[in-house]
Amino acid sequence: MAEPEEQVLDGVGVAPGIAEGPLTAIDLGGLQAPDRRIAAGDAAAETARLDAAVERTIRQLKALRARRARLPDAAAEEIGYILDAHLQMLSGSRLLRGARARIEDARRSADYALAQEVEAAARGFEALNDPYLAARAEDVREVGRRVLRMLQDAAPNPFESLPDGALAAAESFSPADVAQMNPARIRGFAAELGGAQGHTAILARSLGLPAVLGVAGLMQAAAAAEAAAHAAGGGPVPALIDGFEGKIVLNPREATRRRYRDRRAGHERERRKLERLRDRPAETRDGVRLALEANLDLPAEAATALTHGAEAVGLLRTEFLFMNVDRPPDEEAQTAILTEVVRAMQGRSVTIRTMDVGGEKLAHALGPELAGAANPALGLRAIRLSLKRPKLLQTQLAAILRAGAEGPVRILLPMITTPGEVRRVREHLTRVRRRLQRKGVRQAPEPPPVGVMIEAPGAALAADALAQVSDFFAIGTNDLTMYTLAVDRADDQVAHLYNPLHPAVLRLMEFSIQAALRARLPVSVCGEIAGDPRFTALLIGLGVRELSMSAGAIPQIKQRVRTLDAAACAQRARAVVDSLDAGRIASLLDDLNGLG
Ligand code: PEP
Ligand code: MG
């Protein structure tokens, strides 16, 4: 029997590593929706939820349509035709009018109303007994599934049914989807949408899952390979994910497999060599000591942080608390989770960031006002949401204070732009401390330091003022780059414009570092550049002594630090920051990197 043909697809490698296994295309959520009645007063909110989900689906379809430009002509045409048909079904169509009527008249949830309307429309097409129209029935169901997926962020774990060692493929994975992947069972993943700086990518790196995003035509190629394997009486499609180079290989030939296995063995040897540095200090050749810390996205990563020699948790993102749940966890539940992390870090400091939900991050549990914002990244996000919903904020602060009874904690506030926001959080903190005291609940012996993320350009430029109300700064270069350059960090179409080395970003960084140093505040960098060895010399040169990164990056950064001379870095960094030209900056950085 002829061997199935090897096929290589290109995308963006967002999490390093090579994984081999059966490629399993998954449909994140079917058309199931329970029959849920709603009160008359809730109809408007349900309709708004439906409209928001439709809006997001339209955006997703348009993104997929734009992606098709990278495909060969015939495939592009075919996919374009289907996506156009789907878009049409969502623009002021009978389908949506029908679903809205079911919400208002039959008082049903948006999910159920939509699922019922879709089924009715699909059956209508099927009843016409015409093969062309029967195909439309499948289109209607597909569109319905897309909208339902948007409505049901909290669907049951779709990865449980995948075979052990599978590589997961989908049109797109949200951060909440990745949080549900068990790295002991899923070896890696690939998707058509997404870029290297988004939270889906960050989570993949945190979990050590090789991942490739922005793979045009992935689902169609996977379906075709699966159909061919099926016709030949074979099983699932064998595949490779190369998270270094951003490649997916379907049906790899034996020689290709061997090549990849050799590469993987090489990386493994290198990793073991780096791990030997674990208990050595991150110290430059001229004796400047750095603190290398871990960014955690999930509590379970605390153990990995220790294995890699993290000196502290420099950023614990708490968004996971609000993912894949219907309701936010209460104070007890949050306390238990945070306490576990603090205990696991065995006396090392844990910087806990209050929720940064909104923007591209999911917020199913937090209510409808977050859905459907015209510009979510500029809207009710992060600290703005926390201050608007003080109960949520106070619950988080109480849980942090209580976890602080078990070890040192710091409180970090995301998306701060004005000193007033910090002051208001401090007032809430005082109130919560008093309440815990009155009730005799154990909490941190002293009020924990309160720091701010410098991640909006306005915060960087107002860093002097923020320094007066803050105990420390954490520079979030992921968002700082996105907001300064007006480039969506998760959109691979504009990924070429996303550049933390842009002179504007560098100046904002330098400005905030200087403000912190003048005010004698600790300052760290916790954006993705902290874990990228290309930036280490520059950051040291700019005066940063604390870097927080994906735990897996720590050994490599430590090795880099130990080759550098801080005084020489400072001299060269000056020239980099003084330059006005991104090209010149890149070449100065190459010089700087040639130093060590
Ligand atoms: C950042 O913006 O750089 C950051 C560290 O925060 P997040 O990636 O969670 O937005
Ligand atoms: Mg950020």
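Procedures and definitions
Residues numbered from 1 in each chain as written. Chains lettered and ligands numbered in written order. Predicted model: local features only at pLDDT ≥ 70, side-chain atom pairs only at ≥ 80, totals over all residues. Heavy atoms only, no water. Core = buried A, V, L, I, M, F, W, Y, C linked by side-chain atoms within 4.5 Å. Buried < 20%, exposed > 50% of the residue type's maximum accessible area, 1.4 Å probe, protein only. Helix = DSSP H or I, 4+ residues; strand = E, 2+ residues; numbered from the N terminus. Domains from an automatic or database assignment. Contact = heavy atoms within 4.5 Å. Pairing = 2+ DSSP bridges. Axes fitted to C-alpha atoms, helices over the stretch in contact; angles between N-to-C directions. Salt bridge = Lys/Arg side-chain N within 4 Å of Asp/Glu carboxyl O. Donors = N, O, S within 2.8 Å, 3.2 Å for Na, K, Ca; no water. Near = heavy atom within 4 Å. Nonpolar A, V, L, I, M, F, W, Y, C, P; charged D, E, K, R; others polar. Right-handed = clockwise from strand over helix to strand, strands pointing away. Buried area = accessible area lost by both parts, 1.4 Å probe. Polar contact = N/O pair within 3.5 Å; in protein donor to acceptor, adjacent residues only side chain to side chain.

> I'm lost on the nonpolar core in this one. Help?
Buried together is how nonpolar side chains tend to be arranged in soluble globular proteins. One finds F173, F189, L316, F473, M509, L538 and L547 to be the most contacted residues of the largest nonpolar core, which totals 122 residues. The element best represented in this core is helix α13 (residues 390-403), accounting for 8 residues. No fewer than three residues from each of domain 1 (7-26 + 158-272) and domain 3 (276-592) sit in this core. Residues in contact with L316, not counting those within four places in the same chain, are L296, L338, V341, V350, T351, I352 and R353. In terms of nonpolar packing, the next biggest core, distinct from the first, is built from 29 residues, I38, A115, V118 and M150 among them.

> I tried to follow the sheet that holds strand β3 (residues 18-25) on my own but got confused; where do I start?
The strands that make up a sheet are held in pairs by hydrogen bonds between backbone atoms, and each pair lies either parallel or antiparallel. On the basis of which strands lie adjacent, the open sheet formed by 8 strands has the order β1-β8-β7-β3-β4-β5-β6-β2 and mixed pairing. Strands at the two margins of the open sheet, each flanked by one partner only, are β1 (7-10) and β2 (12-15). When strand polarity is set aside, the average angle formed by the axes of neighbouring strands in this sheet is 30°. The pairing of β3 with strand β7 (residues 237-242) spans 6 bridges and is classified as antiparallel. When the bridges of β7 are listed, G21 appears paired with A239. In the packing of helix α8 (residues 218-231) onto the sheet, the strands contacted are β1, β3, β4 (166-170), β5 (186-191), β7 and β8 (247-250), and the crossing angle to β4 comes to about 125°.

> Could you clarify how one ought to interpret the environment of L564 in this entry?
Along the chain, L564 turns up in the loop between α20 (554-563) and α21 (566-578). Sequence separation of L564 and R285 is 279 residues, and the distance between their C-alpha atoms is 5.8 Å.

> Looking at this structure, I do not really get the pattern of salt bridges. What am I missing?
Side chains carrying opposite charge are able to pair once their charged atoms draw close together. Counted by the stated rule, this structure contains 39 salt bridges. Here R257 and E20 are joined by a salt bridge, their closest N and O atoms 2.7 Å apart. Here the residue R257 occupies a position in helix α9 (residues 254-275), and E20 occupies one in strand β3, the gap between them amounting to 237 residues. An identical accessibility class is assigned to R257 and E20; each is buried. The residue R317 makes a salt bridge to D297 at a minimum N-O spacing of 3.1 Å. Residue R317 is located in the loop between β10 (313-316) and α11 (331-344), and its partner D297 is located in the loop between β9 (291-296) and α10 (301-307); the two are separated by 20 residues in the primary sequence. Residue classification places R317 among the buried residues on the basis of a relative accessible area of 4%. Among the residues examined, D297 registers a relative accessible area of 8% and is labelled buried. One network of salt bridges, with partners in common, ties together E319, R353, D356, R381, D479 and R489.

> Before we go on, may I ask you to explain the coordination of the magnesium ion (ligand 2) in this structure?
On the protein side, the magnesium ion (ligand 2) has E455 (OE) and D479 (OD) as donor atoms, found 2.0 to 2.1 Å from it. Highlighted residues: E455 in the loop between β13 (450-454) and α15 (457-461) and D479 in helix α17 (residues 477-485), separated in sequence by 24 residues. D479 shares its class with E455; the two are buried.

> I tried to follow the site of ligand 1 on my own but got confused; where do I start?
The environment of ligand 1 is made up of 16 residues, and the closest members are R317, R353, G476, N478 and R489. Where the shell around ligand 1 is concerned, the elements lending two or more residues are α7 (199-207) and α17. Ranked by the residues each element gives to the shell around ligand 1, the list is headed by α17, at 3 residues. Residues of the shell around ligand 1, tallied by class, amount to 4 nonpolar, 5 polar and 7 charged.

> Sorry, what's going on with the environment of A566 here?
Looking at the element boundaries, A566 is found in helix α21. Residue classification places A566 among the buried residues on the basis of a relative accessible area of 5%. Considering only alpha carbons, one finds A566 and A444, 122 residues apart in sequence, at a separation of 36 Å. Not counting residues within four places of it along the chain, the set of residues in contact with A566 comprises T284, D286, V288 and I540.

> Explain the pairing of β10 here, please?
Along a regular strand, successive side chains alternate from one face of the sheet to the other. Of the strand pairs in this sheet, β9 and β10 are connected by 3 bridges, and their pairing is parallel. By the bridge assignment for β10, N295 is matched with L315. Assessed by its sense of winding, the connection that carries the chain from β9 through α10 to β10 is right-handed. The β-α-β motif built from β10, the intervening α11 and the parallel element strand β11 (residues 350-353) has right-handed crossover chirality.

> What is the right way to read unusual backbone geometry from this model?
Backbone geometry follows two general trends: most residues other than glycine have a negative phi, and most peptide bonds adopt the trans configuration. Its identity is not glycine, yet R107 carries a phi of approximately 50°, on the positive side. Along the polypeptide, R107 turns up in the loop between α3 (94-106) and α4 (110-127). For R107, a relative accessible area of 39% corresponds to the partly exposed category.

> Hey, could you run me through the domain arrangement of the protein chain in this one?
Interfaces are often described in size by the accessible area the parts lose on coming together. Split into domains, the protein chain comes out as domain 1 (7-26 + 158-272), domain 2 (40-151) and domain 3 (276-592). Put simply, the middle of domain 1 and the middle of domain 3, counted by C-alpha atoms, are 29 Å apart. In total, domain 1 and domain 3 occlude about 1,700 Å² of area from one another, counting both sides; carbon and sulfur atoms represent 55% of this. Across the domain 1-domain 3 interface, the total number found is 1 salt bridge. The partner of E528 in a salt bridge is R205, and the shortest N-O contact between them spans 2.8 Å. The interface formed by domain 1 and domain 3 holds 5 residue pairs in polar contact (both at pLDDT 80 or more) in total. Those elements giving two or more residues to the side of domain 1 that touches domain 3 turn out to be α6 (175-179) and α7. If one sorts the elements of the side of domain 1 that touches domain 3 by residue count, α7 sits on top with 6 residues. Across the side of domain 1 that touches domain 3, the residue classes break down as 6 nonpolar, 9 polar and 2 charged.

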